[in-house]
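Examination of the molecular architecture
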Amino acid sequence: MNINRQSCKLNFLSLQHLTGNDLYVPSYCTYTDEQLLELLKDSDEQAFTEIYQRYAETLYQFAWNILKDEDECKDAVQAIFVWFWSNRRKIHITVLKYY
């Protein structure tokens, strides 16, 4: 599984046209896992996408060490993230990396 992801750069969106000021909002790649988890609890899909981009490859590699089958690994990773989204309001995670 190869997730194409450019290195996280500070991607800023200028909101000058809305406010008349130079106001910049950092992309989600600058947020900590803790911040993303809080946003996820409010059903923030961009936070979920960022978590996926950070951890899907690691989960796939872990699954590969056990299953040794590409399709089964992809299915396992997908099942994990479907469960994660479905339970986003109920789960209490302090450190996402170890969860």
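To start, this report covers the structure provided alongside it. (Residues numbered from 1 in each chain as written. Predicted model: local features only at pLDDT ≥ 70, side-chain atom pairs only at ≥ 80, totals over all residues. Heavy atoms only, no water.)

Between its terminal C-alpha atoms helix α4 (residues 70-86) stretches 24 Å, which fits the 24 Å expected from 17 residues at 1.5 Å a residue. Turning to α4, its buried residues are Cys73, Val77, Phe81 and Phe84. Buried positions in α4, seen along its axis, are confined to an arc of 65° and lie on one side of it. Exposed side of α4, more than 90 degrees from the buried face: Asp71 and Asp75 are the residues found there. Where α4 is buried, its residues touch α2 (33-41) and α3 (45-67). With a side-chain oxygen lying 3.2 Å from the backbone nitrogen of Asp71, the N-terminal cap of α4 falls on Asp69. (Helix = DSSP H or I, 4+ residues; strand = E, 2+ residues; numbered from the N terminus. Expected span 1.5 Å × (residues − 1). Buried < 20%, exposed > 50% of the residue type's maximum accessible area, 1.4 Å probe, protein only. Arc of directions from axis to C-beta. Contact = heavy atoms within 4.5 Å. Polar contact = N/O pair within 3.5 Å; in protein donor to acceptor, adjacent residues only side chain to side chain.)

Moving on, we come to the packing of α3 against α4. In the contact formed by α3 and α4, the axes pass within 9 Å of each other and the chain directions differ by 140°. The interaxial crossing formed by α3 with α4 has right-handed handedness. Of the residues in α4, those touching α3 at Glu45, Phe48, Ile51, Tyr52, Tyr55, Ala56, Leu59, Tyr60, Ala63, Trp64 and Leu67 are Glu70, Glu72, Cys73, Lys74, Ala76, Val77, Ile80, Phe81, Phe84 and Trp85. In the contact of α3 with α4, the residues fall into 17 nonpolar, no polar and four charged. (Axes fitted to C-alpha atoms, helices over the stretch in contact; angles between N-to-C directions. Left-handed = near helix turned anticlockwise from the far one by under 90°. Nonpolar A, V, L, I, M, F, W, Y, C, P; charged D, E, K, R; others polar.)

Below, the discussion takes up the packing of aromatic side chains. A complete count under the given rule lists four aromatic pairs for this structure. When the centroid spacing of 4.9 Å and the interplanar angle of 45° are considered together, the rings of Tyr28 and Tyr31 count as tilted. Centre to centre, the rings of Tyr52 and Phe81 are 4.8 Å apart; their planes meet at 65°, and the pair counts as edge-to-face. Taken together, the residues Tyr52 in helix α3 and Phe81 in helix α4 connect sequence positions 29 residues apart. By relative accessible area, Phe81 is classed as buried at 7%. An aromatic cluster is defined as three or more aromatic residues linked by ring pairs; in this entry it consists of Phe48, Tyr52, Phe81 and Trp85. In this structure, Arg88 is placed above the aromatic ring of Trp85, and the distance from its NZ or CZ to the ring centre is 3.9 Å. (Phe/Tyr/Trp six-rings, centres within 6.5 Å; stacked < 30°, edge-to-face > 60°. Lys NZ or Arg CZ within 6 Å of the ring centre and 35° of its normal.)

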